[in-house]
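# Understanding the architecture of this molecule
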2 protein chains.
Amino acid sequence: MKRFHLTFLCLLPAALFAQQALNQKPDFVSPEINGNNITLRMFAPNANNVNIIGDFASQPIPMTRDSLGVWTGTVYDVVPELYIYQFDVDGYKIADASNSYTCRDISTIYSLAFVPGKETEKYAVHDVPHGTVSRTWYHSDSTGRDRRFTVYTPAGYEKSNDSYPVLYLLHGMGGDEEAWMTLGRASQILDNLIAEGAVKPMIVVMPNGNIDLAAAPGESSLGYVPPTTRLPHTMDGTFESSFKELVNHVDSTYRTIADKEHRAVAGLSMGGYHSLNISQMYPNDFGYVGMFSAAIPEQFLNGAYVDNKQDLWMAIGEDDFLYEPNAKFRKTLFDTGVGYVYLESKGGHTWKNWRLYLSQFLPRLF
Amino acid sequence: MKRFHLTFLCLLPAALFAQQALNQKPDFVSPEINGNNITLRMFAPNANNVNIIGDFASQPIPMTRDSLGVWTGTVYDVVPELYIYQFDVDGYKIADASNSYTCRDISTIYSLAFVPGKETEKYAVHDVPHGTVSRTWYHSDSTGRDRRFTVYTPAGYEKSNDSYPVLYLLHGMGGDEEAWMTLGRASQILDNLIAEGAVKPMIVVMPNGNIDLAAAPGESSLGYVPPTTRLPHTMDGTFESSFKELVNHVDSTYRTIADKEHRAVAGLSMGGYHSLNISQMYPNDFGYVGMFSAAIPEQFLNGAYVDNKQDLWMAIGEDDFLYEPNAKFRKTLFDTGVGYVYLESKGGHTWKNWRLYLSQFLPRLF
């Protein structure tokens, strides 16, 4: 039943619905995805040189200018993937102003281009039951602050009386409690793997690993913190020492199975460093540890014994700048008879790998 | 206890922790907020002309270039507010690449500058109990799809057995289920007003009013939809006709008080249009209606009687392009003896006003 007529508003320019002060109407589409090709466009009539930079290519891709000042470039035959890109305009890098799908990684805003295919099936949005992703807060006595975290509860959690195992999933340096939800695609990976029966329904808790921050930009009572990749106290053990505050809050707030066999911790880069430390500080609280392209705490590179009371899983790319310390750490584990499972992939220190590692790690849990 | 030594990683350039392919390290701060002045900077060595455009000024503000190619401009003596801005670089508008606090409004990425003060107290993050903000899904039989929505549950919801009233809060044209959480600052406004006792604890449900979409960019199984301000079926009654699907899902999933006296609907611009239609379609289900800078459905401009079985609240700015139809609608209400409460503010069709209207509307509910 269509009770309502089209309003007079149809006759107004659509852009009027934007905020009045700041209108901008692109007259072209970017990105335009045709099969495995990505065409990107930008209006920059006075620019001398515009290149595409993105993780679909190891070199900048030149764009060409038409008579109206619109620059166009195409990236051909890419493997299906969620790509990030920027434009390099005469030496400065900016996001695609025509693309409303963006994300922040550390302090940089990237545009995203999703090229669907077999390779992206694990983290595409499918017509399966979706979990709920919540941003919520816990009180940290050790810092005297409320701190924000993200929590995934599996589809059906709200109407169920079941209790669930918990994975604590940690971000890298410069990231925050949003990171695994954007480029990490964690909720999509969980939705899909749970739906196909490959992964047990679980709660996933994603805190802010920068102990001197309370929350992501715009969400913190501490105000705006200029972007930096290195915050105080992020890698001096303070976060790990306070970790039980979060675990206790989660166990008292959500229907968790609150024992070692049903609790895991994993993270990427700095989050892998945190995860290993946490596993050693609380040997009876975590049954599984995942280290994705992990930074390795110094003492373990210097031969400190890993008292491995957990299932330890490690992954890294063959081009990762942390490959060597990981190789040294693996040798130490081998020499001291500590077991682990290891995945080596192509590529480097990238979200493409971390999405892969998460999808490989999850089926091993619980 | 600091059990862990600083890692060797301290010796590496911090930027290495970013994804390897795409590094960018700003060597200046932007925005820099000093009292009521905002200084903005951008590296653009080859640009001819760079201006700041933002809702802190009615005219572009010129920036000046230093010998290194960094452009700087300062906006002086602004009223405390959450401002949005871009740089106009030789005719194209881009966000501030040094500012990690951004948002999307319709199809445009803006940078944000938060100037704290008395005027922003209502929506700043304070040290008060914070509600939980969840992104979750309901099944819509009428469209055959799962559709995503945002829901605010007040602080303490998870550990309480109480039931709560519900406000359905709708976005404008081109917005989506994220809009009220970013520029709308709805969760901060609710946290603050509930903490001071001015507003009853409530659940706030923020759906996607574009019935042909399932979810915000990147979250939809329908893939990437190029940005547009006018989607099919957004203002033909289809969304309103399907609205009870959402209400039924919410009432069966959350601890709601499921009656007219404890259910409200409000929205901005197109969302105000939806709200009025919903109030007329379901006169026994909603006790309160809020219209913020609302588009007015044609039949009500042409004299159709508003069967007002709800508390009706309206607000608009004196410069809003929808001022005249709102004035005509108010006259019709007056002529037919239908009561309402009305707030007229300065300014136009802006988030500054919608934050104000929400903070004025909430205390009247329930």
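Structure report, in brief.

Procedures and definitions
Residues numbered from 1 in each chain as written. Chains lettered and ligands numbered in written order. Predicted model: local features only at pLDDT ≥ 70, side-chain atom pairs only at ≥ 80, totals over all residues. Heavy atoms only, no water. Pairing = 2+ DSSP bridges. Helix = DSSP H or I, 4+ residues; strand = E, 2+ residues; numbered from the N terminus. Buried < 20%, exposed > 50% of the residue type's maximum accessible area, 1.4 Å probe, protein only. Right-handed = clockwise from strand over helix to strand, strands pointing away. Salt bridge = Lys/Arg side-chain N within 4 Å of Asp/Glu carboxyl O. Axes fitted to C-alpha atoms, helices over the stretch in contact; angles between N-to-C directions. Left-handed = near helix turned anticlockwise from the far one by under 90°. Contact = heavy atoms within 4.5 Å. Nonpolar A, V, L, I, M, F, W, Y, C, P; charged D, E, K, R; others polar.

### A word on the sheet that holds strand 1 (residues 32–34) of chain A
Residue and element names in this part refer to chain A. Read across the sheet, 4 strands follow the order 1-2-6-5 without closing on themselves; strand pairing throughout is antiparallel. The sheet is open, and its two edges are formed by strand 1 and strand 5 (64–65), each paired on a single side. Taken together, the 6 bridges between strand 2 (residues 37–43) and strand 6 (residues 70–75) define a ladder with antiparallel strand orientation. Bridging across to strand 6, Met42 finds its partner in Trp71.

### Looking at the pairing of strand 14 (residues 203–207) of chain B
Put simply, side chains in a regular strand alternate between the two faces of the sheet. Residue and element names in this part refer to chain B. Most of strand 14 sits out of view: 5 of its 5 residues are buried. By the alternation rule, side chains of strand 14 split into Ile203, Val205 and Pro207 and Val204 and Met206, which are all buried. Here strand 12 (residues 145–153) runs beside strand 14; their pairing, made up of 4 bridges, is antiparallel. Opposite Tyr152, over in strand 14, you have Val204 as the bridge partner. After leaving strand 13 (residues 166–170), the chain enters helix 1 (residues 186–195) and then returns to the sheet as strand 14, a path that is right-handed.

### Describing the pattern of salt bridges
Where charged atoms from two side chains of opposite charge approach closely, those side chains can pair. A full pass over the atoms with the stated rule returns 23 salt bridges over all chains. Residue A:Glu178 pairs with A:Arg148 through a salt bridge whose shortest N-O separation is 2.9 Å. Pair noted here: A:Glu178 is in the loop between strand 13 (166–170) and helix 1 (186–195) and A:Arg148 is in strand 12 (residues 145–153), with a separation of 30 residues, a long-range link. Residues B:Lys244 and B:Asp285 are paired through a salt bridge, measuring 3.1 Å at the closest nitrogen-oxygen approach. In this pair, B:Lys244 sits in helix 3 (residues 243–253) while B:Asp285 sits in the loop between helix 4 (270–281) and strand 16 (288–292), placing the two residues 41 residues apart along the sequence. For B:Lys244, a relative accessible area of 25% translates into the label partly exposed. Look at B:Asp285 and you get buried, because its relative accessible area is 18%. Each of A:Arg135, A:Arg148, A:Glu177, A:Glu178 and A:Glu219 takes part in a single network of salt bridges with overlapping partners.

### Concerning the packing of helix 1 of chain B against helix 7 (residues 351–361) of chain B
Residue and element names in this part refer to chain B. Taken N-terminus to C-terminus, the directions of helix 1 and helix 7 make an angle of 30°; their axes are 10 Å apart at the nearest point. The two elements helix 1 and helix 7 meet at a crossing, and its hand is right-handed. Residues Ala186, Ile189 and Leu193 of helix 1 touch helix 7, and the partners they reach there are Arg355, Leu358 and Ser359. A class-by-class count of the residues in the contact of helix 1 with helix 7 yields 4 nonpolar, 1 polar and 1 charged.

None of this, on its own, says anything about what the molecule does.
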